[in-house]
Protein chains: 2
Amino acid sequence: MFAILRAMDAKEQLRDAAERLALTLAQGGMQKTTARVMTALLYTEQDTMTAADLCEELSISSGAVSTAIKQLIPVGLVERVPAPGSRRDHYRFREGAWATLMSQQNTMLNVMLHAAQEGIDATGDGTPTARRLREMQDFYTFMARELPAQIESWRKQYQG
Amino acid sequence: MFAILRAMDAKEQLRDAAERLALTLAQGGMQKTTARVMTALLYTEQDTMTAADLCEELSISSGAVSTAIKQLIPVGLVERVPAPGSRRDHYRFREGAWATLMSQQNTMLNVMLHAAQEGIDATGDGTPTARRLREMQDFYTFMARELPAQIESWRKQYQG
DNA sequence: CAGTATGTTTACAGATCTCTGAAAGCTCGA
DNA sequence: TCGAGCTTTCAGAGATCTGTAAACATACTG
């Protein structure tokens, strides 16, 4: 009678955690479905999932899965793994994906750096604009140097 | 006759740089109008801008400006400055905004850390899931420790 | 080589989001 | 306390985005 009050089983908890993380990532700019696919692959208790698995788990169409995967693979978060004995494609959350994800920030850092330079080139010294852009340039120069080093440092520490 | 071929003047270049950066930020998850307001304040040759300035510069309504500002102020990217002699509010791109922006990443790092822990709590050892989540936990633990230190390090170096 | 199982693309529909315009709400000076 | 000058809020219009379904492409199997 009180079975309904039982604690969530592990599977439910994982699914729940997946959905919540997906929501957060979505708020951070990632497409909602893309985020859901990614977190499903992260929290699944299987090693890999097929497109059909993802359709069912997330209740979305195969088209949506295809689109999401198409976004996740190029950025290195997910990989397609050969599936011997199965005709279906299998997908797996990629090792080192988090470091990869953080590395993408790096591209952004360089965009910012470039943007600062552009502004500096177009404005005279001694203006408020110049001061603001100098700070921007200084900050992103620093970060563009330090962040990759940090990530590399983690990679070494984790593997070694 | 060939006046149309002249080089863009500085003002145009700045406006252009502003719009391009805004676009990039928008692709990175920031609201489009919010990004435009932010970059307008960054690249303007004035020290501060009023809401009316922003309306005109960006060709948007005052409501849109209000909404954008409402998002930018709490996160510390823009500040409202008292404007003696003017009844209008003046807004200024805030000093140290970039470091602030990067610090927000920190919140994200902790969300990720929490998400990893949740998953680990819900799954058994030795599973692929556990391995993935351990890596995630390790990475974000590392980053949550190192990133703030880096930012602090920049602040010291820039000010001193 | 044909048939079948799967993945991908596309046009359209539905949902969501964001801007605008107008009205309401503040704030400050008189 | 009133009123002018701005800002904020809100409902609705418009645009954008995204998922679905179905057609299409591809790759395996017998």
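Anything mentioned here points back to the structure above.
The structure reproduced in this document is the subject of the present report. None of the values given here were measured: they were computed from a predicted structure. (Residues numbered from 1 in each chain as written. Chains lettered and ligands numbered in written order. Predicted model: local features only at pLDDT ≥ 70, side-chain atom pairs only at ≥ 80, totals over all residues. Heavy atoms only, no water.)

With respect to the packing of aromatic side chains
What describes a pair of aromatic rings is the distance from one ring centre to the other and the angle between the planes of the rings.
For step 1, the next point in the chain: Applying the stated rule across the entire model yields ten aromatic pairs over all chains.
For step 2, the next point in the chain: Summarising the aromatic geometry, the rings of A:Tyr140 and B:Trp98 are spaced 5.4 Å apart at their centres and angled 70° between planes, so their arrangement reads as edge-to-face. One end of the pair, A:Tyr140, is in helix α6 (residues 128-159); the other, B:Trp98, is in helix α5 (residues 97-122), on a second chain.
For step 3, the next point in the chain: A relative accessible area of 3% places A:Tyr140 in the buried class.
For step 4, the next point in the chain: Residue B:Trp98 is classed as buried on the basis of its relative accessible area, which comes to 1%.
For step 5, the next point in the chain: An aromatic cluster of three or more residues is present, and its members are A:Phe93, A:Trp98, A:Trp154, A:Tyr158, B:Phe139 and B:Tyr140. (Phe/Tyr/Trp six-rings, centres within 6.5 Å; stacked < 30°, edge-to-face > 60°. Helix = DSSP H or I, 4+ residues; strand = E, 2+ residues; numbered from the N terminus. Buried < 20%, exposed > 50% of the residue type's maximum accessible area, 1.4 Å probe, protein only.)

Observations concerning the relation of the copies chain B and chain A
For step 1, the next point in the chain: Expressed as a screw transformation, the operator carrying chain B onto chain A has a rotation angle of 180° and an axial translation of 0.0 Å, and the superposed copies differ by an RMSD of 0.1 Å. Such a combination of turn and shift is consistent with a two-fold rotation axis. Considering only C-alpha atoms, the part of chain B nearest the rotation axis is B:Gly29, at 1.9 Å.
For step 2, the next point in the chain: Comparing interface residues between copies, 100% of those in chain B also sit at the interface in chain A, which points to an isologous, same-surface contact. (Least-squares fit on C-alpha atoms with pLDDT ≥ 70 in both. Contact = heavy atoms within 4.5 Å.)

Section: the protein's contact with DNA strand C
For step 1, the next point in the chain: Surrounding DNA strand C, one finds 18 residues, the nearest of these being A:Arg87, A:Asp89, B:Gln31, B:Thr33 and B:Ser61.
For step 2, the next point in the chain: Taking the atoms of DNA strand C that fall within 4 Å of the protein, sugar and phosphate contribute 83% of them.
For step 3, the next point in the chain: Measuring from a phosphate oxygen of DNA strand C, one finds a side-chain N or O atom of A:Lys70 at 3.3 Å.
For step 4, the next point in the chain: Between a phosphate oxygen of DNA strand C and a side-chain N or O atom of A:Arg88, the distance comes to 3.2 Å.
For step 5, the next point in the chain: Those elements that place two or more of their residues in the surface near DNA strand C are α4 (62-72) of chain A together with α4 (62-72) of chain B. (Near = heavy atom within 4 Å. Polar contact = N/O pair within 3.5 Å; in protein donor to acceptor, adjacent residues only side chain to side chain.)

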